[in-house]
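Understanding the architecture of this molecule
Residue strings, one per chain:
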Amino acid sequence: MQRGEHDQMENPMKVVIVGGSLTGLMCGIALKQAGNDVKILEREDDERESHMAGVCLGVDAGDFLALHDRQTGVFSHRCLRIQALKRDESVQVFVNARRDITNWDTFYYRLRSNLDGYTSTHYPAPSQTAETDGSVAYERYSQVLDVGPSPSSPGKMRLTVQRRGAEHRLQIDADLVIGADGPDSFIRSRYQPHVRREYAGYVAWRGTVPESEVSESTRHLFRRSVTVFMMEGHHHCLVYTIPGKDGSLEPGEKYLNFLWYTNHSEEELQDIMVDAVDGHRHHNIVPRGRVRQDIWERQLQRAREIPFAGPFLEVITQIRQPFVQVVTDFCSTQAAFEGGKVLLVGDGLSLFRPHTAFSGTQAAFHALRTAELVKGKISVQKWEETVLRYSRIHWLQSIWYGEFYQGTMTKAFMSAIRFWAYCGVDRIKSWWRGEESLLRGTSSRVEAYEDEVV
């Protein structure tokens, strides 16, 4: 499967990526720009329902953008610290740490612009192309039904694809198949059916509020900080600033992103996850506009009774379309299949709890390492060991953080031991090979940001 860069230019590799979200797009961009022919198969539309969720651009995302982003202009808001707001509204700084945060929509459309020149209200002009780029196709409404060795093309993989509205199924042959199809990955279910997302015991109540709809003092509090409000009874909430509509970073047009994590039994989920419109039960997310009004009113009343610190209460009462996300996690033990002709990446490989904000960073890391693999710079064995170690260390970290915030101190302590023990394994392996540790901190290498007084 590996080939040198000269061989790639002469005979481009045919790559099929299953899944057209952030991980699939980053893999597609890196491989296209290396001269390969890329086809992305996405089950949904080009433009899907958005939750305006925040995406942290960590170190690896910064590295990816430095190498592959051909768009110009800033698209992230910079936070400079992580702090706690107490009930008396005094502030305690946990750590001064730089984080560049965008929202899912803005990042998605920027990546689409870089992949295939897709235009949107975020990026009305396509990004530049290069003569050395390979071909690319983003095929929506395409669901993969099967994958396996091609019976007629030795050395290739064959995918069976059903396109929405089409009578017949398609057969597509590829040199490399990349499973970037998220937490409910078909590719993972095909090769690792025993690895499934597990409920962590709590949910996130989420929503966004335009800065213009809150007071100046509240806006200022959250302007350059990820701010946490801790409460008794194993739950907490946080607020941070993200770009606004169409990625706007203008003062007053940005959004405040709100999350409140609360513990619930499996039985309680049966009620929380019922759709307000058609009454069916969602499994992982109740989308915006679908949360039952009585459920949300119950949360608002609980916030008043706790009571929330003033700025947090001001934000939650301004949320017009909340959504609910069930917190789940898993970590696969294998990432390469069929002799390295099928790879599993991103949230399809390992799903973190959201507290570390490393999902987008993991996607970028996997895309960068996959580009190195295809260029022949690393072996399949090295690729797999590296992506698995990276995913496991940050998965364990996310569990530790989750248990600290939502669980007992005993569970948090045990999770911390598991995490730090694995950090020791990572450091020893990295030292032995003369490489950097794979554990990432909270800062980012994305340098440019809007000029705003802190």
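Since we're looking at a predicted model, the values are computed, not measured.

Cut-offs and rules
Residue indices begin from 1 for each chain and proceed along its sequence in written order. Given that the model is predicted, a residue must reach a pLDDT of at least 70 before its local features are reported, and side-chain atom pairs must reach 80 or more before they are shown or counted; all residues, however, enter totals for whole chains, interfaces and linings. Hydrogens and water molecules were not included; the side-chain quantities draw on all heavy atoms of the structure. UniProt positions are given in the numbering used here, feature names are shortened, and annotations may be inferred rather than shown by experiment. In this text, helices come from DSSP runs of H or I with a minimum length of four residues, and strands from runs of E with a minimum of two, each type numbered from the N-terminal end. Whether a residue is buried, partly exposed or exposed follows from its accessible area with a 1.4 Å probe, protein chains only, as a fraction of its type maximum: under 20%, in between, or over 50%, in that order. Throughout, a residue-residue contact means that at least one pair of heavy atoms, one from each residue, lies within 4.5 Å. Only buried Ala, Val, Leu, Ile, Met, Phe, Trp, Tyr and Cys residues count toward a nonpolar core, and they belong to the same one when joined by side-chain atoms within 4.5 Å. Here, expected helix span is obtained from the residue count minus one, scaled by 1.5 Å. Whenever a helix is involved, its axis is fitted only over the stretch in contact; in every case the axis is a line through C-alpha atoms, and angles between N-to-C directions fall within 0 to 180 degrees. For classification purposes, an angle smaller than 35 degrees is called roughly parallel, one larger than 145 roughly antiparallel, one from 65 to 115 roughly perpendicular, and anything else oblique. By definition, any crossing whose near helix is turned counterclockwise from its far helix by less than a right angle is left-handed, and any crossing with a clockwise turn is right-handed. Residues are sorted three ways: Asp, Glu, Lys and Arg are charged, Ala, Val, Leu, Ile, Met, Phe, Trp, Tyr, Cys and Pro are nonpolar, and all the rest, Gly among them, are polar. Note on patches: the residues involved have over 30% relative accessible area and no salt bridge, like charges join within 9 Å, and the nonpolar side chains Val, Leu, Ile, Met, Phe, Trp and Tyr join within 5 Å. Note on areas: Shrake-Rupley, 1.4 Å probe, and residue coverage restricted to the protein chains presented here. A pairing counts as a salt bridge when a side-chain nitrogen of Lys or Arg comes within 4 Å of a carboxyl oxygen of Asp or Glu. We call two strands paired when DSSP finds no fewer than two bridges between them.

Comments concerning the UniProt feature "domain: Pyridine nucleotide-disulphide oxidoreductase N-terminal" (unreviewed entry) in the protein chain
Those places that UniProt annotates as "domain: Pyridine nucleotide-disulphide oxidoreductase N-terminal" (unreviewed entry) correspond, in this numbering, to residues 14-46. Span residues 14-46 is 36% helix and 30% strand, its end C-alpha atoms 22 Å apart.

Section: the side chain of Ser415
Summarising the element assignment, Ser415 is placed in helix 12 (residues 409-433). Given a relative accessible area of 9%, Ser415 falls into the buried group. In this structure, Ser415 is in contact with Ile399, Trp400 and Glu403, ignoring residues within four places of it in sequence.

Quick notes on the nonpolar core
Among the nonpolar cores identified, the biggest contains 66 residues, and Met26, Phe64, Phe107, Leu159, Val177 and Trp383 are the most heavily contacted of them. Looking at which element gives the most residues to this core, the answer is helix 10 (residues 359-374), with 8 residues. Apart from the residues lying within four places of it in its own chain, the contact partners of Met26 are Phe64, Phe107, Leu111, Gly360, Ala363, Ala364 and Ala367. Ranked by size, the runner-up nonpolar core spans 31 residues in total, among them Trp205, Val209, Cys237 and Met273.

A word on helix 11 (residues 380-406)
The terminal C-alpha atoms of helix 11, which comprises 27 residues, lie 38 Å apart, in line with the 39 Å expected from a rise of 1.5 Å per residue. Taking burial as the measure, the 27 residues of helix 11 include 21 buried ones, the bulk of the element.

Focus on the packing of helix 3 (residues 59-68) against helix 10
For the pair helix 3 and helix 10, interaxial distance at closest approach is 7 Å and the crossing angle is 50°. Of the possible angle classes, the one that applies to helix 3 and helix 10 is oblique. Considering how the two elements wind past one another, helix 3 and helix 10 form a crossing that is left-handed. Taken together, the residues of helix 10 that come into contact with helix 3 (itself represented by Val59, Asp60, Ala61, Asp63, Phe64, Leu67 and His68) are Thr361, Ala364, Phe365, Ala367 and Leu368. Looking at the contact of helix 3 with helix 10 residue by residue, the classes come out as 8 nonpolar, 2 polar and 2 charged.

Quick look at a nonpolar patch on the surface
Residues Met230, Phe404 and Met409 make up a contiguous nonpolar surface patch of about 300 Å² in total accessible area. Position of Phe404 relative to the elements: it lies in helix 11. Here Phe404 falls in the partly exposed class, since its relative accessible area comes to 41%.

Some thoughts on the pattern of salt bridges
Throughout the structure, instances matching the rule amount to 31 salt bridges. Note that Asp173 and Arg158 form a salt bridge whose closest N and O atoms lie 2.7 Å from each other. Taken together, the residues span a long stretch of sequence, with Asp173 in strand 11 (residues 170-174) and Arg158 in strand 10 (residues 157-163) at a distance of 15 residues. Between Asp294 and Arg292 there is a salt bridge; the shortest N-O distance is 2.8 Å. Taking the relative accessible area as the measure of exposure, Asp294 reaches 44% and is therefore partly exposed. Overlapping salt bridges bring together Asp45, Asp46, Arg112, Asp116 and Arg140 as one network.

Notes on the sheet that holds strand 2 (residues 37-41)
Ordered by their spatial adjacency, 6 strands build an open sheet running 8-2-1-12-20-19, and the pairing between neighbours is mixed. Each edge of the sheet is formed by a strand with only one pairing partner; in this case those strands are strand 8 (136-139) and strand 19 (336-337). With 3 bridges connecting them, strand 12 (residues 176-179) and strand 20 (residues 342-344) associate as parallel partners. Each residue of the ladder has a partner; that of Gly179, found in strand 20, is Leu344. Against the sheet, helix 2 (residues 22-33) contacts strand 1 (14-18), strand 2, strand 8 and strand 12, and its axis sits at roughly 165° relative to strand 2. The strands touched by helix 4 (residues 104-116) are strand 2 and strand 8; relative to strand 8, the strand with the most contacts, the crossing angle is about 135°.

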